[in-house]
Amino acid sequence: QVQLVESGGGLVQAGGSLRLSCAATGGTFSSHAMGWFRQAPGKEREVVACISGSGGTTYYANSVKGRATMSRDNGKSTVYLQMNSLKPDDTAVYYCAAKEIAYCNTYLVRATYAYWGQGTQVTVSS
């Protein structure tokens, strides 16, 4: 069983930056590919990024490509999401999630992630 706790959300002005963290406990962290999702009010939860267990491969949604960097520190059992050039459309609750496998296969599919954090609110003001 993997427990995930996100942190780092908050209020930021458009054009600003934010780094989200997600600390994991339980399991062998490097054996889990990790994803970041977000859900805006009234919208479906959507994938933002995925990183493989080794950290060697990352995937990004088109909406954040070029503005987001996902990374992980397996020694600290933590993943990060660095978001730059934030826009009001980035406002959402951000969730981290863990797969049962070390690869980002089918990373777009929510159901392929076995464990979820409670989320952290990111609000971007215009």
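Model, not experiment: these values are computed from the prediction.

Asker: Whenever I open this one, the side chain of D90 confuses me. Can you help?
Answerer: Within the secondary structure layout, D90 lies in the loop between β8 (78–83) and β9 (92–99). Relative accessible area serves as the criterion here: at 1%, D90 is assigned to the buried category. Polar side-chain contacts of D90 include one of 2.8 Å to the side chain of R38. Within the structure, the side chain of D90 is placed 2.7 Å from the backbone nitrogen of K87, a separation counted as a polar contact.

Asker: What is the right way to read the pattern of salt bridges from this model?
Answerer: Close approach of charged atoms allows side chains with opposite charge to pair. Under the definition given, this model contains three salt bridges. Among the salt bridges present, the one from R38 reaches D90, with a minimum N-O distance of 2.8 Å. With a gap of 52 residues between them, R38 in strand β4 (residues 34–39) and D90 in the loop between β8 and β9 connect regions that are remote in the sequence. Residue classification places R38 among the buried residues on the basis of a relative accessible area of 6%.

Asker: Is there a simple way to think about the nonpolar core in this case?
Answerer: For soluble globular proteins, the rule of thumb is that nonpolar side chains tend to be buried together. Ranked by internal contacts, the top residues of the largest apolar core, which has 30 residues, are L4, M34, W36, M70, V79, L81 and Y94. Put simply, the parts of the chain that give this core at least two residues each are β3 (18–25), β4, β5 (46–51), β7 (68–73), β8, β9 and β11 (120–125). Apart from the residues lying within four places of it in its own chain, the contact partners of V79 are L20, S21, C22, F29, M34, W36, I51, M70, S71 and R72. Membership of the second largest hydrophobic core comes to 10 residues, among which are A33, F37, C50 and Y113.

Asker: Looking at this model, I keep getting lost on the sheet that holds β8. Mind explaining?
Answerer: Either a parallel or an antiparallel arrangement is found when strands of a sheet pair, and the pairing is made through backbone hydrogen bonds. An order of β1-β3-β8-β7 is seen for the four strands of this open sheet, with the pairing classed as antiparallel. On the outer flanks of this sheet lie β1 (3–7) and β7, each paired with one strand and no other. Taking each pair of neighbouring strands and ignoring which way they run, the sheet shows an average axis angle of 15°. Examined bridge by bridge, β1 and β3 share five bridges and lie antiparallel to one another. Directly across from Q3, in β3, lies its bridge partner T25.

Asker: Even after reading the chapter, I still don't get the side chain of S52, so can you show me in this structure?
Answerer: Residue placement: S52 occurs in the loop between β5 and β6 (58–60). Accessibility expressed as a relative area gives 7% for S52, which makes it buried. Reaching out from S52, the side chain makes a polar contact with the backbone nitrogen of G56 at a distance of 3.3 Å. Sequence-distant contacts of S52, that is, excluding residues within four places in its chain, are made with A33, T57, R72, A102 and C104.

Asker: What exactly am I supposed to notice about the pairing of β5 here?
Answerer: Note on strand geometry: in a regular strand, side chains alternate between the two faces of the sheet. The element β5 is extensively covered by neighbouring structure, given that five of its six residues are classed as buried. As judged from the five bridges shared by β4 and β5, these two strands associate in the antiparallel manner. Its bridge partner lying in β5, M34 is registered against I51. Pairing analysis gives three bridges linking β5 to β6, with the strands arranged antiparallel. Across the sheet, residue I51 finds its bridge partner in β6, namely T58. With antiparallel pairing between neighbouring strands as the criterion, β5 and β6 make up a hairpin whose turn holds six residues, including G55 at a positive phi of roughly 85°.

About the thresholds
Residues numbered from 1 in each chain as written. Predicted model: local features only at pLDDT ≥ 70, side-chain atom pairs only at ≥ 80, totals over all residues. Heavy atoms only, no water. Helix = DSSP H or I, 4+ residues; strand = E, 2+ residues; numbered from the N terminus. Buried < 20%, exposed > 50% of the residue type's maximum accessible area, 1.4 Å probe, protein only. Polar contact = N/O pair within 3.5 Å; in protein donor to acceptor, adjacent residues only side chain to side chain. Salt bridge = Lys/Arg side-chain N within 4 Å of Asp/Glu carboxyl O. Core = buried A, V, L, I, M, F, W, Y, C linked by side-chain atoms within 4.5 Å. Contact = heavy atoms within 4.5 Å. Pairing = 2+ DSSP bridges. Axes fitted to C-alpha atoms, helices over the stretch in contact; angles between N-to-C directions.

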